[in-house]
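The primary structure of each chain is shown beneath.
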Number of protein chains: 2
Amino acid sequence: MLLAQVEGFLEVARRGNVSRAAEAMFVTQPTLTARLHALERELGEPLFARTRRGMRLTDAGRAFLPYAERAIRAVRDGRQALADARSASAGRLVLGAAPAVSTYVLPAILQRFAAAYPRVEVAVRTGHSEDVLQMLLREEVQLAMVRAMRNPDIESIPLYEEGLVLVVPPGHPFAQRSRVGIADVASERLIFFDRTSSYYELTQTFFLSLGVTPREVMELDNIESAKKMVQRRLGIALLPRTAVAGELAAKTLTQVTVTDAPALSQKIVVIRRRDQGRPSGTVAAFLNLLKESDPAAVAS
Amino acid sequence: MLLAQVEGFLEVARRGNVSRAAEAMFVTQPTLTARLHALERELGEPLFARTRRGMRLTDAGRAFLPYAERAIRAVRDGRQALADARSASAGRLVLGAAPAVSTYVLPAILQRFAAAYPRVEVAVRTGHSEDVLQMLLREEVQLAMVRAMRNPDIESIPLYEEGLVLVVPPGHPFAQRSRVGIADVASERLIFFDRTSSYYELTQTFFLSLGVTPREVMELDNIESAKKMVQRRLGIALLPRTAVAGELAAKTLTQVTVTDAPALSQKIVVIRRRDQGRPSGTVAAFLNLLKESDPAAVAS
DNA sequence: TCTAGCTATAGAGCTTTTTTATCGGCCCGT
DNA sequence: ACGGGCCGATAAAAAAGCTCTATAGCTAGA
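Let's talk about the overall build of chain A
From N to C terminus, chain A includes 12 helices and 11 strands. At 31 Å, chain A has a C-alpha radius of gyration far larger than the 19 Å of a compact globule built from 300 residues. In chain A, buried positions account for 50% of the 300 residues. Within chain A, contacts between residues at least 6 apart in sequence are counted, and of these 72% link residues at least 24 apart. As displayed, chain A offers around 14,600 Å² of accessible surface, 50% of which is attributable to carbon and sulfur atoms.

Encoded structure:
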């Protein structure tokens, strides 16, 4: 059965006249007649009664009519849905993100994305990078913004380098000193967050590699709490720069540079299943938006 | 766009494998590949990502999928609806009927029809023959059972001859007499029903042609009331045989034959729009059922 | 009776589709 | 490392179907 036959059926049903319907469809009348015959032959039932005045639906035709309309409408809507998806003017985008990205980087990006594509429905799922990777592999998310990871089934696009910076409360002795060494840091109470996250492992390795073992520590399970603890002078912390950008600007936290230690950072990337072909629709739109902007700069 | 392409898309989407899908659809693999390519070209977007393992839906494909399913389902359901209509195993039948037919003849017929085609939804619209004819011409009903009428746009199939019989209450003097003449009838109070119906005209013409003018009359607007009036000895009436079959059998009314007057009757036919082609589906089923039975015999 | 308007039909040409056969890549077991 | 097996893509020939022009057949209305 050809869609063209069903469309012809509808057009003739509407107009009751093959010639006019043919004209409206930009085909000749015999063509349309043939389509109708083919459709009737396939369905095994006359859909029209031929009269001197034109074509009238038979009972069978009347019975078939709503289904024909539904089918044509479905195809038309499907085309529209694809067009929407292509222009990203509508559709759905499901993102995965690591906690620090989700909280401090994504909001500003999503604000711009939502402004550019107001009809796109966006969903964000937050989790540790490893968990988000699994979501991606299970196709629960289309894109994920996580720390750089190695996996043969994904491709990564570098997003930004997220530095970990040492923050202290305003008025802390470190803030006045010209030089702060790693040994000085080790003697302070250190505040960590989320033992199960990659940050924890990263910072621990960092200290160990410098031969430093911070003794007094406090551990929180989220960055926001860690910041509060530092502000209440319960310790100092190594936190993602994006997570403290706001506090540094408001001078409610002060950044301290450790002179005798290398910069500590990790790469944040956006990852995507490698077997999904070229990005399209909302995904492509989001990636373009990322490409045009510096995610780390918009952290709030 | 070809339905076959959409079906191919669905089958491949389900199986993730062109070769298997092609096999299931009884075509060769290159055919199906070509269909997919044609569909993708028409939609301007890859629907599948080709991998070593087979075909995976792209985001675009996923967006299109529900519409494709809807379209195919609509066509499938449409086919089924036609098949149902053909076998009259389901569907809808809208009948028109004159009051006497609707009340006394149709119930028994519909009982049998409903037994034979339980899934057919039946609707009856009752009205005077002329009104029902208009309903038929406006296609508000598919068939109508009315008195024989002349109209170029309809075709009629004779159903039965409906005789008008003179009924009197049990114990009425006429019931005992061997001969009742038209003059005797004229001296009785006569009960008519529904001045606007064809019965009224018919009976009036009948008396006039015999040179009789019934003086005392009573007029009801429905047969059932007329029967009750006769039973309460308020008069005698000329009523359709089918309408009094039950009372005659139960001996709550008595039939009297007028010896010096011709039999009075009118033809009941089933009519149908002439431009509807050959009857099909529920209509054909109903007509067949009529053909096989004697409607007048089943009057209750 | 003629004309206008309707659909059906015939036959040629062309486009599209389908098929067979084959290619090129990749995975996996030996 | 290599070969068999499975994947989809491609080429080319054959087949099928579609669309066109031209025309027929029919009826209603002038």
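Brief notes about the packing of helix α1 (residues 3-15) of chain A against helix α4 (residues 59-87) of chain A
Residue and element names in this part refer to chain A. As a packed pair, α1 and α4 sit with axes 10 Å apart at the nearest point and diverge in direction by 125 degrees. Between α1 and α4, the angle falls in the class oblique. Crossing handedness for the pair α1 and α4: left-handed. Facing α1, whose interface residues are L3, V6, E7, F9, L10 and A13, α4 presents G61, F64, L65, A68, E69, I72 and V75.

Observations regarding the protein's contact with DNA strand C
Around DNA strand C, 19 residues are found, and the nearest of them are V18(A), S19(A), R50(A), T31(B) and R35(B). The sugar and phosphate moieties of DNA strand C supply 71% of its atoms located within 4 Å of the protein. Every element with two or more residues in the surface near DNA strand C is listed here: α2 (18-24), α3 (29-43) and β2 (54-57) of chain A together with α3 (29-43) of chain B. Its residues assigned to classes, the surface near DNA strand C shows 6 nonpolar, 8 polar and 5 charged.

Considering the nonpolar core
Nonpolar side chains in soluble globular proteins generally cluster together in the buried interior. Residues F9(A) and F9(B) are the most contacted members of the largest nonpolar core, which totals 52 residues. At 9 residues, the largest contribution of residues to this core is made by helix α4 (residues 59-87) of chain B. When residues no more than four places from it in sequence are discounted, the contact partners of F9(A) are L36(A), L39(A), L47(A), F48(A), L57(A), G61(A), F64(A), L65(A) and A68(A).

Digging into the protein's contact with DNA strand D
Neighbouring DNA strand D are 20 residues; T31(A), R35(A), N17(B), V18(B) and R50(B) lie closest to it. Each atom of DNA strand D within 4 Å of the protein was assigned to sugar, phosphate or base; sugar and phosphate come to 78%. At 3.0 Å from a phosphate oxygen of DNA strand D is found a side-chain nitrogen or oxygen belonging to T28(A). At 2.8 Å from a phosphate oxygen of DNA strand D is found a side-chain nitrogen or oxygen belonging to S19(B). Secondary-structure elements contributing two or more residues to the surface near DNA strand D are α3 of chain A together with α2 (18-24), α3 and β2 (54-57) of chain B. It is α3(B) that contributes the most residues to the surface near DNA strand D, 4 residues altogether.

Thoughts on the relation of the copies chain B and chain A
Rotating chain B by 180 degrees and translating it 0.1 Å along the rotation axis places it on chain A, where the RMSD comes to 0.3 Å. Read as a symmetry element, the transformation amounts to a two-fold axis. Ranked by how close their C-alpha atoms come to the rotation axis, the residues of chain B are headed by A71(B), at 1.9 Å. When the interface residues of chain B are mapped onto chain A, 100% of them are again interface residues, pointing to one common binding face.

Considering the environment of E40(A)
Residue and element names in this part refer to chain A. Mapped onto the fold, E40 is located in helix α3. Judged by its relative accessible area of 10%, E40 falls in the buried class. Counting along the chain gives 35 residues from E40 to Q5, while the straight-line C-alpha distance between them is 9.5 Å. With residues up to four places along the chain from it excluded, the contact list for E40 reads E45, P46, L47, F48 and R50.

Rules and cut-offs
- Residues numbered from 1 in each chain as written.
- Chains lettered and ligands numbered in written order.
- Predicted model: local features only at pLDDT ≥ 70, side-chain atom pairs only at ≥ 80, totals over all residues.
- Heavy atoms only, no water.
- Helix = DSSP H or I, 4+ residues; strand = E, 2+ residues; numbered from the N terminus.
- Rg over C-alpha atoms; globule rule 2.2 N^0.38 Å.
- Buried < 20%, exposed > 50% of the residue type's maximum accessible area, 1.4 Å probe, protein only.
- Contact = heavy atoms within 4.5 Å.
- Areas by Shrake-Rupley, 256 points an atom, 1.4 Å probe, with all protein chains shown as cover.
- Axes fitted to C-alpha atoms, helices over the stretch in contact; angles between N-to-C directions.
- Parallel < 35°, antiparallel > 145°, perpendicular 65-115°, else oblique.
- Left-handed = near helix turned anticlockwise from the far one by under 90°.
- Near = heavy atom within 4 Å.
- Nonpolar A, V, L, I, M, F, W, Y, C, P; charged D, E, K, R; others polar.
- Core = buried A, V, L, I, M, F, W, Y, C linked by side-chain atoms within 4.5 Å.
- Polar contact = N/O pair within 3.5 Å; in protein donor to acceptor, adjacent residues only side chain to side chain.
- Least-squares fit on C-alpha atoms with pLDDT ≥ 70 in both.

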